[in-house]
Amino acid sequence: MIIEKLLEGTNLTETEKQIAKYLLDESNPIDHITSNELACKSYTSQSSVVRLYKKLGISSYREFIMILAMERKEYFKLQDLFKNDINDNFRSYDSIMMTLTKMYDKTITNTKLKLNRNTITRICNRIINTNTIDIYASGYGEAIGLRLQSSLLYLGKHCTFNCHTNQIYFNQLNDTKNHMAILISMSDDQSMLDIGQILRDYHIYSIVLSDSNESELSKLCQDTLIYDKTTISTPLQLDAITAMISIEYIVLFLLSLIYAKTQNILVKY
């Protein structure tokens, strides 16, 4: 999606980011804006506009603005999901169904925007080339961790699932370079922080699925995959559910990449 690339801003110059900022401002109508008008309103140049949409893989300005206008409407519609009275979304069978469908769409959209292609690629390669993978999870994350272990075992990887660390296990490791760890954390609870610290002490490459790059656990791990944790004002604990939806999506996406690459069916990485 074009809007994802603009929101992420990876590989964009400062001038291109300035154009993206204008395009992503909901108060700026863009459906019928010309390339010259966009250049003027974003205080850039028409050549910069051309470079931007070509960098995004679009051949013409008309195609670029048409696709972006549609994507932008959908994106902002999802962001507005729970801005009104929460009870308005639960007044009928159909409204509840539509609300939950939109909640899933919003969560997946936000998750995709948080994923970094370089990080995903690095983690995927590391999993493929590592002998042993230890998965650590607690609370809601345990069920996802167990399914991840099952899938990695199916793909032929030596994989363990743990709720805590085993000091004897670490003492017997001869080569930590061929080990890696995946941590699934839905909160910075002390047990997960202790696990992260031990993995760091033993120089074991570890990644964490966290809701922030700034979490204490993220600082202990080499890589972080950020999941979406939408806050929804409802007594149904939907924020925890959306976090699980997001984590499940990231795990499935990662496994799909690994499968496609190991089966030599991945055309473009």
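No experiment lies behind these values; they were computed from the predicted model shown. Per chain, the residues get numbers from 1 upward, laid out in the order the sequence is written. Since the coordinates come from a predicted model, pLDDT governs what is reported: local features require at least 70, and pairs of side-chain atoms require 80 or more to be given and counted, while whole-chain, interface and lining totals use all residues. Remark: hydrogens and water are excluded; side-chain values derive from all non-hydrogen atoms of the structure.

Caption draft 1: Structural view of the overall build of the protein chain. Secondary structure assignment for the protein chain yields twelve helices and five strands. Taken over the C-alpha atoms alone, the protein chain extends approximately 65 × 50 × 35 Å along its principal axes. Here the term buried applies to any residue with accessible area under 20% of the maximum for its type, exposed to any over 50%, and partly exposed to those in between, with areas from a 1.4 Å probe on protein chains only. Evaluated residue by residue, the protein chain yields a buried proportion of 46% over its 269 residues. Surface exposure of the protein chain reaches about 14,600 Å², of which carbon and sulfur atoms provide 51%. Charge counting follows a simple rule: Lys and Arg are positive, Asp and Glu are negative, and His as well as the terminal groups are ignored. Taken as the charge location is NZ of Lys, CZ of Arg, CG of Asp or CD of Glu. Here the protein chain carries 28 positive and 30 negative side-chain charges, and the mean point of each set is 8 Å from the other. Only DSSP runs of H or I covering at least 4 residues are called helices, and only runs of E covering at least 2 are called strands; the numbering of each starts at the N terminus. For every accessible area listed, the method is Shrake-Rupley and the probe measures 1.4 Å; residues are considered covered only by the protein chains on display.

Caption draft 2: Structural context of the sheet that holds strand β2 (residues 158-162). At least two bridges found by DSSP between two strands are what make those strands a pair. Spatial strand order, β2-β1-β3-β4-β5: five strands in an open sheet with parallel pairing. Two strands lie at the open edges of the sheet, namely β2 and β5 (223-226), each paired on one side alone. Each strand of the sheet is rotated relative to its neighbour by a mean of 20°, with strand direction disregarded. Taken together, the six bridges between strand β1 (residues 132-137) and strand β3 (residues 179-184) define a ladder with parallel strand orientation. Bridging from a neighbouring strand, A137 pairs with I184 of β3. Together, β1, β3, β4 (205-210) and β5 form the strand contacts of helix α7 (residues 117-129), whose direction differs from that of β5 by roughly 120°. Helix axes are fitted to C-alpha atoms over the stretch in contact, other axes to C-alpha atoms as well, and angles between N-to-C directions run from 0 to 180 degrees. Contacts are assigned to residue pairs with any non-hydrogen atoms lying within 4.5 Å of each other.

Caption draft 3: Representation of the side chain of T107 in the model. Here T107 is to be found in helix α6 (residues 93-114). What makes T107 buried here is its relative accessible area of 0%. With residues up to four places along the chain from it excluded, the contact list for T107 reads D228, T242, I245 and S246.

Caption draft 4: Region of the structure containing the pattern of salt bridges. Salt bridges are identified by distance alone: a Lys or Arg side-chain nitrogen within 4 Å of an Asp or Glu carboxyl oxygen. Enumeration over the complete set of coordinates arrives at six salt bridges. Close ionic contact of K55 with E16 constitutes a salt bridge, the shortest N to O distance being 2.8 Å. Residue K55 is located in helix α4 (residues 46-55), and its partner E16 is located in helix α2 (residues 14-23); the two are separated by 39 residues in the primary sequence. Classification of K55 as partly exposed rests on a relative accessible area of 41%. For E16, a relative accessible area of 4% corresponds to the buried category. In this structure, K219 engages E216 in a salt bridge whose closest nitrogen and oxygen atoms are separated by 3.5 Å. Within this pair, K219 and its partner E216 are both found in helix α11 (residues 216-220), separated by three residues, close to a single helical turn.

Caption draft 5: Focus on the pairing of β4. Burial analysis of β4 places six of its six residues in the buried class, which makes it a mostly covered element. With burial as the criterion, each face of β4 is covered, one bearing Y205, I207 and L209 and the other bearing S206, V208 and S210. Across five bridges, β3 lies against β4 in parallel orientation. In the sheet register, M180 faces β4, and the bridge partner there is Y205. Pairing geometry for β4 and β5, over four bridges, is parallel. Bridge pairing links V208 to T224 in β5.

Caption draft 6: Representation of unusual backbone geometry. Phi is positive for Y43, which is not a glycine, with a value near 55°. With a phi close to 55°, H203 is a non-glycine residue in the positive phi region. Within the secondary structure layout, H203 lies in the loop between α10 (190-201) and β4. In this structure H203 comes out as exposed when scored by relative accessible area, which is 67%.

Caption draft 7: Region of interest: the state of the cysteines. In this description, a disulfide is simply a cysteine sulfur pair whose atoms lie within 2.5 Å. For the structure on display, the rule yields zero disulfides. In this structure C124 is not part of a disulfide, and its nearest cysteine sulfur, from C159, lies 15 Å away. Considering cysteine sulfurs only, C159 is the nearest to C221, which forms no disulfide, with 16 Å between them.

Caption draft 8: Main features of α2. Buried residues of α2: E16, I19, A20, Y22 and L23, and no others. With its buried residues spanning 160° around the axis, α2 presents them on a single face. Those residues of α2 that are exposed and angled more than 90 degrees off the buried face are E14 and K21. By definition, the arc is the one covered by directions from the helix axis to the C-beta atoms.

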